Amino acid sequence: MRKSFLAILFLAVLSCEKKQDKSPVVSTDNLKRSNERTDTKPEAFSKEVALKKTNDELLQALKVGYYDVFAKYIHPEKGVRFSMYAFVNRNEDKHFSKIDFEKYMPTKTIFTWGSRDGSGEIYKATLEQYLKNWVFKKDFTKSDYAFDTFLGTGNSLNNLKEIYPNTNFTENYIPGSEKYSGMDWKALRFVFEEFEGKYYVIAVINDEWTI
């Protein structure tokens, strides 16, 4: 009786193993093909991915005050221009080379950045104060993102594409509140240009509703 029981048990085990053998086998061929497609993205797509990553790193650097990290992204030859509003003014907007940016960042040197919309008041601040209180006046790490597209549109003249043709830009946009009928929106744009295989920022442009 015991031998019969063991024989039945042995046959049952064999039957289970055969059923398991019939289960579909997962092949790694599809995974390899998938990886190859990922690695061979079109140039435009890989550029967009690279600039999204750079955009996010710039925002994080501004948020925590790591301005030395921000400086690493400044164009080595063209430097960076800061515009208070959407209209880029080559004659009045402050422009810094990478060397000058690093030189003035730790100092208390006061710069004139432009005129406030509405009041016409001249905005004066150190470089650090400008980055902290104007450029990053809102937490843009929690904003909507766009590539080569304007999300924030108002009544101010936007000449980014005229001043910087054949470049790419990112926009970080915070919608306005119901309290102010959406007119208190804010936007922060980075304009990029490639240099020796890497992307550098050549302009930092704030935008908002103007009177």
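Residues numbered from 1 in each chain as written. Predicted model: local features only at pLDDT ≥ 70, side-chain atom pairs only at ≥ 80, totals over all residues. Heavy atoms only, no water.

1. Quick notes on the side chain of N206
Among the secondary structure elements, N206 is positioned in strand β8 (residues 198-208). Using a relative accessible area of 3% as the deciding quantity, one classes N206 as buried. Among the polar contacts made by the side chain of N206, one reaches the main-chain carbonyl oxygen of W134 at a distance of 3.3 Å. If we skip the residues at most four places from it in the chain, N206 touches S83, M84, Y85, A86, Y130, W134, V135, A187 and L188. (Helix = DSSP H or I, 4+ residues; strand = E, 2+ residues; numbered from the N terminus. Buried < 20%, exposed > 50% of the residue type's maximum accessible area, 1.4 Å probe, protein only. Polar contact = N/O pair within 3.5 Å; in protein donor to acceptor, adjacent residues only side chain to side chain. Contact = heavy atoms within 4.5 Å.)

2. Describing the environment of I174
With respect to the helices and strands, I174 occurs in strand β6 (residues 168-174). Through-space distance from the C-alpha of I174 to that of D144 is 6.3 Å; in sequence the pair is 30 residues apart. What I174 contacts, discounting residues up to four positions off in sequence, is K138, D139, F140, S143, W185 and K186.

3. As for the confidence of the model for the chain
On average, the chain scores 84 in pLDDT, and the residues at 70 or more come to 79%. Ignoring residues within four places in sequence, the model shows residues 1-42, a span with pLDDT below 50, making one contact including any to other chains. (pLDDT = per-residue confidence, 0-100.)

4. As for the packing of aromatic side chains
All told, the structure shown has 17 aromatic pairs when counted by the stated rule. Judged by centre distance (6.2 Å) and plane angle (55 degrees), the ring pair of Y123 and Y130 falls under tilted. The pair Y123 / Y130 is uniform in exposure class, with both members buried. Following the ring pairs from residue to residue traces out a cluster consisting of F82, Y85, F96, Y104, F111, W113, Y123, Y130 and W134. Against the face of Y145 rests K52, its NZ or CZ located 4.9 Å from the ring centre. Here the guanidinium or amino end of K137 rests over the ring plane of W134, the centre of that ring lying 3.4 Å away. (Phe/Tyr/Trp six-rings, centres within 6.5 Å; stacked < 30°, edge-to-face > 60°. Lys NZ or Arg CZ within 6 Å of the ring centre and 35° of its normal.)

5. Quick word on the pattern of salt bridges
Summed over the entire model, instances satisfying the criterion amount to 12 salt bridges. Notably, a salt bridge pairs K52 with D56, separated by 2.5 Å at the nearest N-O pair. Of this pair, K52 and D56 both sit in helix α3 (residues 43-64), four residues apart, roughly one helical turn. For K52, a relative accessible area of 29% corresponds to the partly exposed category. Using a relative accessible area of 29% as the deciding quantity, one classes D56 as partly exposed. Across the pair K142 and D139 runs a salt bridge, and its minimum N-O distance is 3.9 Å. Relative accessible area serves as the criterion here: at 23%, D139 is assigned to the partly exposed category. Overlapping salt bridges bring together K63, D139 and K142 as one network. (Salt bridge = Lys/Arg side-chain N within 4 Å of Asp/Glu carboxyl O.)

6. A look at the sheet that holds strand β7 (residues 186-195)
With respect to topology, six strands assemble into an open sheet ordered β2-β1-β8-β7-β6-β5, the strand pairing being mixed. Edge strands, defined here as strands with exactly one partner in the open sheet, are β2 (94-96) and β5 (144-147). Taking the axes of each pair of neighbouring strands and ignoring which way they run, one obtains an average angle of 20 degrees across the sheet. Both β6 and β7 contribute to a ladder of seven bridges, which runs antiparallel. Looking across to β7, one finds that N172 is bridged to L188. Running over the sheet, helix α6 (residues 127-135) touches β1 (80-83), β2, β7 and β8 and is turned about 60 degrees from β8. (Pairing = 2+ DSSP bridges. Axes fitted to C-alpha atoms, helices over the stretch in contact; angles between N-to-C directions.)

7. Remarks on unusual backbone geometry
Positive phi outside glycine occurs at N166, with the angle close to 60 degrees. Here N166 lies in the loop between α7 (160-163) and β6. A positive phi angle is found at S181, which is not glycine, with a value near 55 degrees. Within the secondary structure, S181 sits in the loop between β6 and β7.

8. Let's talk about the pairing of strand β4 (residues 122-125)
Covered by surrounding structure in β4 are Y123 and A125 only, the residues I122 and K124 on the alternate face being uncovered. Linkage of strand β3 (residues 111-115) to β4, two consecutive antiparallel strands, is achieved through a turn of six residues, within which G118 is found at a positive phi near 90 degrees.

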